[in-house]
Amino acid sequence: MRAVRIETCGRPPVAGDVPAPVPGPGEALVRVRAAPITPLDLLCAGGASYFGAPAVPYVPGVQGVGTVGGTPVWFPASAGMAPGDGSMAELAVVRAEDLVELPSGADPFAFAALGLSAVAAHMALTWRGELTAGEQVVVLGGGGVVGQAAIQLARLAGARRIVAGARSPEGRERAELAGADAVVTLDTEDVHDLAARFSAVCDGPVDLVLDPLFGAPAAAAARTLRAGGRLVNLGGSASETCPLDSSTLRSRSLRVLGYTNNELAREQRAAAIALIAEQAALGRLTVAHEVMPLEEAGAAWERQTAGTAGGRIVLRVA
């Protein structure tokens with residue numbers, strides 16, 4: 001079968017022929033259609049992730065969309081995090097209990113672009129962040145996949161106003177297209193200045209901040225929170241540290257919460273995937289993405305790494 005493999009950590013994958021996998025007891029053979037290139041794939045293949053350097057060569061891809069016996073499914077993989085191959089191949093072996101059936105009308109490439117990023121957005125907003133209808137939400141990193149999904153999912157959950165923050169002009173445009181009521185430009189590390197920008201477009205104190213950035217943007221957004229407000233952090237793409245001052249935390253009794261998909265039970269993840277697939281099939285949830293053939297995975301990988309892609313790149317496997 002055709003697949004792409006990471007042969008050297010820190011280098012793009014290379015397409016080639018590899019032996020087809022054979023499922024064992026409790027496993028299913030998935031005919032893969034779509035495999036997204038995600039930040040986790042890039043992190044693991046770099047060789048310096050918290051999972052440790054992966055054994056090479058291996059087929060990357062921590063998730064994918066395909067079919068089993070003609071039924072469309074989403075599936076996860078541990079490629080790069082543990083020994084074994086992932087989704088960037090014509091066939092993948094997956095634990096049968098991990099498969100999630102998708103609606104027959106779901107676009108496999110659009111849904112693959114959402115995948116676990118949308119799961120993180122949904123669960124960080126609702127399960128961890130306890131979002132309720134009528135609340136005001138700030139979504140940082142609004143131009144990224146998590147941010148775009150969070151804007152739409154917050155709206156579906158009944159948020160009354162959604163303010164996004166994004167760094168690049170392209171990111172701000174994607175946040176606007178996702179439905180943000182206002183978008184703040186994150187082009188400075190001045191926390192006071194950023195906080196003033198958020199306050200100027202928020203309709204009073206904020207209830208919940210969704211934060212995949214950390215750093216100065218998170219510290220600034222925290223200053224807009226009401227007493228007892230919540231900030232849920234699920235990433236550190238701006239910085240691994242944050243200048244959040246003690247007086248802001250104490251004076252408003254704020255809650256700062258961490259989130260990771262790794263905490264989810266299989267049943268929670270499956271329920272979130274099913275909800276996201278339903279909303280995507282109804283046309284209520286989508287993120288910017290582009291589709292490239294499996295044979296161009298190396299070039300796609302480099303573009304995703306450099307941030308020059310027009311959104312999440314999804315490999316067309318079949």
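Residues numbered from 1 in each chain as written. Predicted model: local features only at pLDDT ≥ 70, side-chain atom pairs only at ≥ 80, totals over all residues. Heavy atoms only, no water.

Undergrad: Can you break down the overall build of the protein residue by residue, with the values?
TA: Assigned secondary structure in the protein consists of nine helices and 15 strands. A compact globule built from 318 residues would reach a C-alpha radius of gyration of about 20 Å, and the protein, at 20 Å, matches this within 12%. Its C-alpha atoms give the protein principal-axis dimensions of roughly 60 × 35 × 30 Å. Considering the protein as a whole, with its 318 residues, one finds that 48% of them fall into the buried category. Considering only contacts in the protein between residues 6 or more positions apart, those separated by 24 or more positions represent 69%. (Helix = DSSP H or I, 4+ residues; strand = E, 2+ residues; numbered from the N terminus. Rg over C-alpha atoms; globule rule 2.2 N^0.38 Å. Buried < 20%, exposed > 50% of the residue type's maximum accessible area, 1.4 Å probe, protein only. Contact = heavy atoms within 4.5 Å.)

Undergrad: So what's going on with the nonpolar core? Which residues, and what values?
TA: If you look at the biggest cluster of nonpolar residues, it comprises 48 residues, and the most contacted ones within it are Phe111, Val119, Leu125 and Tyr259. Sorting the residues of this core by element identifies helix H2 (108–128), strand E8 (136–140), helix H3 (145–156), strand E9 (161–166), helix H4 (169–178), strand E11 (206–211) and helix H8 (266–281) as the ones contributing at least two each. A per-element tally of this core places H2 first, with 13 residues. Discounting residues that sit within four places of it in the chain, phenylalanine 111 has contacts with Val65, Trp74, Leu102, Ile273, Ile276 and Ala277. Counting residues in each nonpolar core, the second largest holds 28 residues, with Val59, Ala79, Ala92 and Val317 among its members. (Core = buried A, V, L, I, M, F, W, Y, C linked by side-chain atoms within 4.5 Å.)

Undergrad: So what's going on with the pairing of strand E4 (residues 63–68)? Residues and values would help.
TA: Relative to E4, strand E3 (residues 27–36) runs antiparallel, the two sharing three bridges. Each residue of the ladder has a partner; that of valine 32, found in E4, is glycine 66. Here E4 runs beside strand E5 (residues 71–76); their pairing, made up of six bridges, is antiparallel. Paired with glutamine 63 across the two strands is proline 76, which belongs to E5. Hairpin connection, E4 to E5: the antiparallel pair is bridged by two residues, and glycine 69 has positive phi, about 60°. (Pairing = 2+ DSSP bridges.)

Undergrad: Tell me what's going on with the packing of helix H1 (residues 39–46) against helix H9 (residues 297–306), and back it up with residues and numbers.
TA: At a minimum axis separation of 11 Å, H1 and H9 run at an interaxial angle of 100°. What the angle tells us is that H1 and H9 run roughly perpendicular. Two secondary-structure elements touch here, H1 through Asp41, Leu42 and Ala45 and H9 through Trp301, Gln304 and Thr305. (Axes fitted to C-alpha atoms, helices over the stretch in contact; angles between N-to-C directions. Parallel < 35°, antiparallel > 145°, perpendicular 65-115°, else oblique.)

Undergrad: Go over the pairing of E8, please, and point to the residues and values.
TA: By the criterion of burial, E8 is predominantly enclosed, with five of the five residues buried. A two-sided burial pattern is seen for E8, the buried positions comprising Gln136, Val138 and Leu140 on one face and Val137 and Val139 on the other. With five bridges connecting them, E8 and E9 associate as parallel partners. Its bridge partner lying in E9, leucine 140 is registered against glycine 165. As for the winding sense of the linkage, the β-α-β connection from E8 through H3 to E9 is right-handed. Across three bridges, the pairing between E8 and E11 is parallel. (Right-handed = clockwise from strand over helix to strand, strands pointing away.)

Undergrad: Tell me about H2, and name the residues and values.
TA: Owing to its 3.6 residues per turn, the α-helix aligns residues three or four sequence positions apart on the same side. The first and last C-alpha atoms of H2 sit 28 Å apart over 21 residues, in line with the 30 Å expected at 1.5 Å per residue. Its axis deflected by about 50° at glycine 115, H2 carries its strongest bend there. Its side-chain oxygen at 2.9 Å from the backbone nitrogen of phenylalanine 109, aspartate 107 defines the N-terminal cap of H2. Note on H2: the residue one or two positions beyond its end, glutamate 130, has a positive phi of about 55°. (Expected span 1.5 Å × (residues − 1). Bend = angle between axes of the 7 residues up to and from the residue. Polar contact = N/O pair within 3.5 Å; in protein donor to acceptor, adjacent residues only side chain to side chain.)

Undergrad: Tell me what's going on with the packing of H3 against H4, and back it up with residues and numbers.
TA: At a minimum axis distance of 9 Å, the contact between H3 and H4 shows a crossing angle of 25°. The angle between H3 and H4 falls in the class roughly parallel. Between H3 and H4 lies a crossing of right-handed hand. Mapping the contact onto sequence places Gln148, Ile151 and Gln152 in H3 and Arg174, Ala175 and Ala178 in H4. (Left-handed = near helix turned anticlockwise from the far one by under 90°.)

Undergrad: An account of the side chain of glutamate 135 is requested, with residue identities and associated values reported.
TA: Note that glutamate 135 resides in the loop between H2 and E8. Looking at glutamate 135, its side chain comes within polar contact range of the main-chain nitrogen of threonine 132, at 3.1 Å. Each residue touching glutamate 135, except ones within four places of it in the same chain, is listed here: Glu130, Gly158, Ala159, Arg160, Arg161, Asp207, Arg226 and Arg230.

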